[in-house]
Amino acid sequence: MNNLKQIRELYGATQEQIASAINVNRVTVANWENGNSVASSSNQERLSIYYGVGPEYFYEKELDETARQILLNTAAKAREIVAKSDGKKNKEEDFRHTFERLTFQEAMGRYMLSMKLLLATADSGELSKLKTASLINKKMGDRLEAIIRLREDEAASGGPSLFELLGEVDE
(Lines give C-alpha, C1' and ligand atoms only; values in the text may rest on other atoms or scores of the structure.)
Protein backbone atom coordinates (compact mmCIF):
# COMPACT_ATOMS: atom_id res chain seq x y z
CA MET A 1 0.00 0.00 0.00
CA ASN A 2 1.30 3.46 -0.88
CA ASN A 3 -0.81 6.53 -0.05
CA LEU A 4 1.85 9.20 -0.61
CA LYS A 5 0.46 10.56 -3.87
CA GLN A 6 -3.11 10.56 -2.55
CA ILE A 7 -1.99 12.34 0.63
CA ARG A 8 -0.06 14.96 -1.34
CA GLU A 9 -3.00 15.58 -3.66
CA LEU A 10 -5.48 15.83 -0.76
CA TYR A 11 -3.15 18.30 0.91
CA GLY A 12 -2.93 20.27 -2.32
CA ALA A 13 0.85 20.30 -2.71
CA THR A 14 3.06 19.63 -5.70
CA GLN A 15 5.96 17.19 -5.75
CA GLU A 16 8.26 20.22 -6.01
CA GLN A 17 6.81 21.72 -2.82
CA ILE A 18 7.25 18.48 -0.89
CA ALA A 19 10.78 18.02 -2.22
CA SER A 20 11.66 21.58 -1.21
CA ALA A 21 10.17 21.16 2.27
CA ILE A 22 12.13 18.04 3.18
CA ASN A 23 15.23 18.84 1.12
CA VAL A 24 15.19 16.07 -1.48
CA ASN A 25 14.74 16.36 -5.22
CA ARG A 26 11.39 16.05 -7.01
CA VAL A 27 12.40 12.76 -8.65
CA THR A 28 12.86 11.23 -5.20
CA VAL A 29 9.31 12.23 -4.24
CA ALA A 30 8.03 10.82 -7.56
CA ASN A 31 9.90 7.55 -6.91
CA TRP A 32 8.31 7.27 -3.45
CA GLU A 33 4.87 7.89 -4.89
CA ASN A 34 5.35 5.43 -7.76
CA GLY A 35 6.67 2.72 -5.44
CA ASN A 36 10.14 2.70 -7.00
CA SER A 37 11.64 3.45 -3.58
CA VAL A 38 10.52 3.99 0.00
CA ALA A 39 11.05 7.13 2.05
CA SER A 40 13.55 6.68 4.89
CA SER A 41 12.27 6.76 8.47
CA SER A 42 13.60 10.29 8.89
CA ASN A 43 11.88 11.49 5.74
CA GLN A 44 8.67 9.75 6.78
CA GLU A 45 8.80 11.65 10.07
CA ARG A 46 9.39 14.93 8.21
CA LEU A 47 6.47 14.19 5.91
CA SER A 48 4.37 13.31 8.94
CA ILE A 49 5.10 16.71 10.52
CA TYR A 50 4.51 18.51 7.23
CA TYR A 51 1.15 16.87 6.54
CA GLY A 52 -0.01 16.55 10.16
CA VAL A 53 -0.75 12.80 9.99
CA GLY A 54 1.15 9.81 11.31
CA PRO A 55 3.66 8.07 9.04
CA GLU A 56 1.63 4.86 9.28
CA TYR A 57 -0.70 6.41 6.68
CA PHE A 58 2.07 6.52 4.06
CA TYR A 59 2.57 2.79 3.59
CA GLU A 60 0.69 0.79 6.23
CA LYS A 61 -2.77 2.16 6.89
CA GLU A 62 -5.69 3.09 4.66
CA LEU A 63 -6.64 6.75 4.70
CA ASP A 64 -9.78 6.96 6.81
CA GLU A 65 -12.11 9.94 7.01
CA THR A 66 -10.37 11.28 10.13
CA ALA A 67 -6.96 11.30 8.40
CA ARG A 68 -8.47 12.94 5.32
CA GLN A 69 -10.01 15.68 7.46
CA ILE A 70 -6.73 16.25 9.29
CA LEU A 71 -4.95 16.66 5.93
CA LEU A 72 -7.54 19.13 4.69
CA ASN A 73 -7.45 21.11 7.95
CA THR A 74 -3.65 21.22 8.05
CA ALA A 75 -3.51 22.41 4.45
CA ALA A 76 -6.15 25.06 5.08
CA LYS A 77 -4.26 26.34 8.13
CA ALA A 78 -1.01 26.53 6.13
CA ARG A 79 -2.77 28.49 3.36
CA GLU A 80 -4.30 30.81 5.97
CA ILE A 81 -0.89 31.57 7.49
CA VAL A 82 0.58 32.35 4.07
CA ALA A 83 -2.40 34.57 3.19
CA LYS A 84 -2.15 36.50 6.49
CA SER A 85 1.54 37.11 5.80
CA ASP A 86 0.72 38.64 2.40
CA GLY A 87 2.65 35.85 0.73
CA LYS A 88 5.84 36.56 2.73
CA LYS A 89 5.73 33.17 4.42
CA ASN A 90 6.57 30.01 2.53
CA LYS A 91 5.79 26.80 4.43
CA GLU A 92 8.18 24.67 2.40
CA GLU A 93 11.10 27.07 2.82
CA ASP A 94 10.43 27.57 6.54
CA PHE A 95 10.08 23.82 7.03
CA ARG A 96 13.35 23.04 5.19
CA HIS A 97 15.24 25.73 7.14
CA THR A 98 13.98 24.32 10.43
CA PHE A 99 15.52 20.93 9.67
CA GLU A 100 18.67 22.41 8.18
CA ARG A 101 19.34 24.32 11.41
CA LEU A 102 18.08 21.78 13.96
CA THR A 103 20.60 19.21 15.13
CA PHE A 104 19.73 15.93 16.80
CA GLN A 105 21.34 17.23 20.00
CA GLU A 106 19.12 20.34 19.98
CA ALA A 107 16.02 18.27 19.27
CA MET A 108 16.93 15.97 22.15
CA GLY A 109 17.32 18.95 24.49
CA ARG A 110 13.93 20.33 23.45
CA TYR A 111 12.36 16.90 23.93
CA MET A 112 13.82 16.56 27.41
CA LEU A 113 12.60 20.04 28.40
CA SER A 114 9.13 19.30 27.02
CA MET A 115 8.94 16.03 28.93
CA LYS A 116 10.08 17.74 32.15
CA LEU A 117 7.42 20.43 31.65
CA LEU A 118 4.80 17.75 31.03
CA LEU A 119 5.80 15.93 34.21
CA ALA A 120 5.95 19.16 36.22
CA THR A 121 2.36 20.00 35.25
CA ALA A 122 0.96 16.46 35.41
CA ASP A 123 -0.69 16.98 38.81
CA SER A 124 -3.08 19.48 37.25
CA GLY A 125 -3.77 17.39 34.13
CA GLU A 126 -6.95 15.41 33.61
CA LEU A 127 -6.41 11.68 34.06
CA SER A 128 -7.65 10.94 30.53
CA LYS A 129 -5.19 13.50 29.10
CA LEU A 130 -2.35 12.00 31.14
CA LYS A 131 -3.17 8.57 29.75
CA THR A 132 -3.23 9.98 26.22
CA ALA A 133 0.15 11.68 26.78
CA SER A 134 1.58 8.39 28.07
CA LEU A 135 0.26 6.51 25.04
CA ILE A 136 1.72 9.13 22.69
CA ASN A 137 5.07 8.86 24.45
CA LYS A 138 5.00 5.06 24.12
CA LYS A 139 4.16 5.20 20.41
CA MET A 140 6.91 7.76 19.79
CA GLY A 141 9.32 5.49 21.70
CA ASP A 142 8.25 2.55 19.54
CA ARG A 143 9.03 4.57 16.40
CA LEU A 144 12.44 5.55 17.77
CA GLU A 145 13.19 1.90 18.62
CA ALA A 146 12.24 0.88 15.06
CA ILE A 147 14.74 3.41 13.68
CA ILE A 148 17.41 2.11 16.07
CA ARG A 149 16.78 -1.52 14.99
CA LEU A 150 17.01 -0.52 11.33
CA ARG A 151 20.29 1.32 11.91
CA GLU A 152 21.71 -1.61 13.89
CA ASP A 153 20.68 -4.08 11.15
CA GLU A 154 22.27 -1.87 8.49
CA ALA A 155 25.48 -1.60 10.50
CA ALA A 156 25.61 -5.38 11.03
CA SER A 157 25.11 -6.08 7.32
CA GLY A 158 28.37 -4.37 6.40
CA GLY A 159 26.73 -2.87 3.32
CA PRO A 160 25.69 0.71 2.69
CA SER A 161 22.86 2.15 4.76
CA LEU A 162 19.55 3.24 3.28
CA PHE A 163 20.60 6.85 3.95
CA GLU A 164 23.82 6.34 1.95
CA LEU A 165 21.98 4.67 -0.92
CA LEU A 166 19.37 7.44 -1.04
CA GLY A 167 22.21 9.96 -1.11
CA GLU A 168 23.58 8.29 -4.23
CA VAL A 169 20.20 8.54 -5.95
CA ASP A 170 19.75 12.22 -5.02
CA GLU A 171 23.18 13.24 -6.38
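In this text the structure is predicted, and so the values were computed from the model without any measurement.

## Section: the overall build of the protein chain
Then, in step 1: Along the protein chain, the regular secondary structure elements total 10 helices and zero strands.
Then, in step 2: For the protein chain, the spread of C-alpha atoms along the principal axes amounts to about 50 × 50 × 35 Å.
Then, in step 3: Within the span of the protein chain, comprising 171 residues, buried residues form 25% of the whole.
Then, in step 4: Look at the contacts in the protein chain between residues 6 or more apart in sequence, and 59% of them connect residues 24 or more apart.
Then, in step 5: Per element, the accessible surface of the protein chain, about 11500 Å² overall, is 56% carbon and sulfur.
Then, in step 6: Within the protein chain, the 27 negative side-chain charges are centred at a point lying 6 Å from the centre of the 23 positive side-chain charges.

## Things to note about the side chain of arginine 8
Then, in step 1: Along the polypeptide, arginine 8 turns up in helix H1 (residues 4-11).
Then, in step 2: Judged by its relative accessible area of 9%, arginine 8 falls in the buried class.
Then, in step 3: Beyond its immediate stretch of four places on either side in the chain, arginine 8 contacts Ala13, Thr14, Gln15, Ile18, Glu33 and Tyr51.

## Structural notes on the environment of threonine 98
Then, in step 1: Counting through the fold element by element, threonine 98 comes out in helix H7 (residues 91-101).
Then, in step 2: Distance from threonine 98 to isoleucine 22, taken between C-alpha atoms, is 9.8 Å for residues 76 residues apart in sequence.
Then, in step 3: Looking at threonine 98, its side chain comes within polar contact range of the main-chain oxygen of aspartate 94, at 2.9 Å.

## Let's talk about the nonpolar core
Then, in step 1: Judged by nonpolar contacts, the single largest core of 25 residues is most densely connected at Tyr11, Trp32, Leu47, Tyr50, Tyr51 and Phe58.
Then, in step 2: Looking at this core, the elements that each hand over two or more residues are H1, helix H2 (15-22), helix H3 (26-34), helix H4 (41-51), helix H5 (56-59) and helix H6 (65-84).
Then, in step 3: Not counting the four nearest positions on each side in its chain, tyrosine 50 is found in contact with Tyr11, Ala13, Ile18, Ala21, Thr74, Lys91, Glu92 and Phe95.

## Examining the packing of aromatic side chains
For any pair of aromatic rings, the description rests on two quantities: the centre-to-centre distance and the angle between the ring planes.
Then, in step 1: In this structure the tally under the stated criterion is six aromatic pairs.
Then, in step 2: Seen from their ring centres, tyrosine 50 and phenylalanine 95 are 5.4 Å apart, and the 90° between their planes marks the pair as edge-to-face. Of the two residues, tyrosine 50 sits in helix H4 while phenylalanine 95 sits in helix H7, which places them 45 residues apart along the sequence.
Then, in step 3: Classification of phenylalanine 95 as buried rests on a relative accessible area of 10%.
Then, in step 4: Residues tyrosine 51 and phenylalanine 58 carry aromatic rings whose centres are separated by 6.4 Å and whose planes lie at 65° to one another, so their mutual orientation is edge-to-face.
Then, in step 5: The class of tyrosine 51 is buried, set by a relative accessible area of 2%.
Then, in step 6: Phenylalanine 58 sits in the buried class, given a relative accessible area of 0%.
Then, in step 7: Cluster of aromatic residues (ring-pair linked, three or more members): Tyr11, Tyr50, Tyr51, Phe58, Phe95 and Phe99.
Then, in step 8: Lying across the ring of tyrosine 50, lysine 91 places its NZ or CZ 4.1 Å from the centre.

## Details of a nonpolar patch on the surface
Then, in step 1: A cluster of nonpolar side chains, namely Phe104, Met108, Tyr111 and Met112, defines an oily patch on the protein surface of about 420 Å² accessible area.
Then, in step 2: Within the fold, methionine 108 resides in helix H8 (residues 104-120).

Basis of the calculations
- Residues numbered from 1 in each chain as written.
- Predicted model: local features only at pLDDT ≥ 70, side-chain atom pairs only at ≥ 80, totals over all residues.
- Heavy atoms only, no water.
- Helix = DSSP H or I, 4+ residues; strand = E, 2+ residues; numbered from the N terminus.
- Buried < 20%, exposed > 50% of the residue type's maximum accessible area, 1.4 Å probe, protein only.
- Contact = heavy atoms within 4.5 Å.
- Areas by Shrake-Rupley, 256 points an atom, 1.4 Å probe, with all protein chains shown as cover.
- Lys, Arg positive; Asp, Glu negative; His and termini not counted.
- Charge placed at Lys NZ, Arg CZ, Asp CG, Glu CD.
- Polar contact = N/O pair within 3.5 Å; in protein donor to acceptor, adjacent residues only side chain to side chain.
- Core = buried A, V, L, I, M, F, W, Y, C linked by side-chain atoms within 4.5 Å.
- Phe/Tyr/Trp six-rings, centres within 6.5 Å; stacked < 30°, edge-to-face > 60°.
- Lys NZ or Arg CZ within 6 Å of the ring centre and 35° of its normal.
- Patch = residues over 30% accessible without salt bridge, like charges linked within 9 Å, V, L, I, M, F, W, Y side chains within 5 Å.
- Salt bridge = Lys/Arg side-chain N within 4 Å of Asp/Glu carboxyl O.

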